[in-house]
Amino acid sequence: MTEGQTGAATSLAAKLQLLLRLRREPDGHIPSAREISSRTTPPGYFRPEVSHTQVNDLINGRNSNPTTTTINALGRAFDVPTAYLLPGWDDLTALTVFQSQPDARTALRLMDGLEVEDITEVVALLKGIRERRGLPESVPETPVPPDGFDQPRQGRPRRRLSFAEAAQRAAEDLEGL
């Protein structure tokens, strides 16, 4: 579960939206569905495994039941453990450590069969190590967004045209041909 939630698992659409925001570039650009789709292209292939329409439907919650192939491709596209995109696996930080650090997997296996008091002792030891290294005592379940994360992008604001303005512009464009 993400921080602040009690009991409710995060939806696939919410996870994908979070990953999009976390992948925001320094200029504020959030990857488009087409960019994400192109990242699902396996090495040596020309076509992506997931179409941009399918990516868009998943991000917007119109499709909440993708295939395992789609989940694997999206995990590669966002560079996250595939398990994060599955229901009930909301701790992105723990899954990333689990996937990238073989010793972390060994530590978890060694905890099998230990009593709660023993595991609490291991957690206290890890917190002490973090304190000695000047790291915060706790680690959030999802990475902290970079500075300026929720700031709007700089640039010209979009202006919606009225129906009459759009018709006028279309007529002018046709006359120009």
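As a reminder, the structure under discussion sits directly above these lines.
Attention in this report is confined to the structure presented alongside it. (Residues numbered from 1 in each chain as written. Predicted model: local features only at pLDDT ≥ 70, side-chain atom pairs only at ≥ 80, totals over all residues. Heavy atoms only, no water.)

1. Here's the deal with the overall build of the protein
A count of helices and strands for the protein gives eight helices and zero strands. Secondary structure elements of the protein occur, N-terminal to C-terminal, as α-α-α-α-α-α-α-α. Within the protein, buried positions represent 22% of all 177 residues. Long-range pairs, those at least 24 residues apart, make up 52% of the contacts in the protein with a sequence separation of at least 6. Surface exposure of the protein reaches about 13100 Å², of which carbon and sulfur atoms provide 54%. (Helix = DSSP H or I, 4+ residues; strand = E, 2+ residues; numbered from the N terminus. Buried < 20%, exposed > 50% of the residue type's maximum accessible area, 1.4 Å probe, protein only. Contact = heavy atoms within 4.5 Å. Areas by Shrake-Rupley, 256 points an atom, 1.4 Å probe, with all protein chains shown as cover.)

2. Overview of the pattern of salt bridges
Using the criterion set out here, one finds four salt bridges in the structure. The partner of Arg62 in a salt bridge is Asp57, and the shortest N-O contact between them spans 3.0 Å. Taking the relative accessible area as the measure of exposure, Asp57 reaches 24% and is therefore partly exposed. (Salt bridge = Lys/Arg side-chain N within 4 Å of Asp/Glu carboxyl O.)

3. As for the packing of aromatic side chains
Tallied over the full model, the rule gives zero aromatic pairs. Sitting over the face of the ring of Tyr84, Lys15 holds its NZ or CZ atom 5.1 Å from the ring centroid. A cation over a ring is seen here: Arg105 above Phe98, with NZ or CZ 5.8 Å from the ring centre. (Phe/Tyr/Trp six-rings, centres within 6.5 Å; stacked < 30°, edge-to-face > 60°. Lys NZ or Arg CZ within 6 Å of the ring centre and 35° of its normal.)

4. Notes on the side chain of Ser37
When you line up the elements, Ser37 lands in helix 2 (residues 33-38). Side-chain polar atoms of Ser37 contact the backbone oxygen of Val50, separated by 2.5 Å. (Polar contact = N/O pair within 3.5 Å; in protein donor to acceptor, adjacent residues only side chain to side chain.)

5. So, the packing of helix 1 (residues 12-22) against helix 4 (residues 68-78)
Between helix 1 and helix 4, whose axes approach to 11 Å, the crossing angle comes to 20 degrees. It follows from the interaxial angle that helix 1 and helix 4 lie roughly parallel. Pair helix 1 / helix 4 crosses with left-handed handedness. Taking contact as the criterion, the partners of Leu12, Leu16, Leu19 and Leu20 in helix 1 are, on helix 4, Ile71, Leu74 and Phe78. Within the contact of helix 1 with helix 4, the residues separate by chemical class into seven nonpolar, no polar and no charged. (Axes fitted to C-alpha atoms, helices over the stretch in contact; angles between N-to-C directions. Parallel < 35°, antiparallel > 145°, perpendicular 65-115°, else oblique. Left-handed = near helix turned anticlockwise from the far one by under 90°. Nonpolar A, V, L, I, M, F, W, Y, C, P; charged D, E, K, R; others polar.)

6. Comments concerning unusual backbone geometry
Even without being a glycine, Asp79 presents a positive backbone phi close to 55 degrees. In this structure, Asp79 sits in the loop between helix 4 and helix 5 (92-100). With relative accessibility at 67%, the residue Asp79 sits in the exposed group.

7. Looking at a negative patch on the surface
There is a patch of like negative charges on the surface, built from Glu115, Glu117, Asp118 and Glu121. Topologically, Glu121 is positioned in helix 7 (residues 116-132). A relative accessible area of 57% means that Glu121 is categorised as exposed. (Patch = residues over 30% accessible without salt bridge, like charges linked within 9 Å, V, L, I, M, F, W, Y side chains within 5 Å. Lys, Arg positive; Asp, Glu negative; His and termini not counted. Charge placed at Lys NZ, Arg CZ, Asp CG, Glu CD.)

8. Here's the deal with the side chain of Thr70
Checked against the element boundaries, Thr70 lands in helix 4. Those residues in contact with Thr70 that sit more than four places away from it in its chain are Val50, Gln54 and Leu58.

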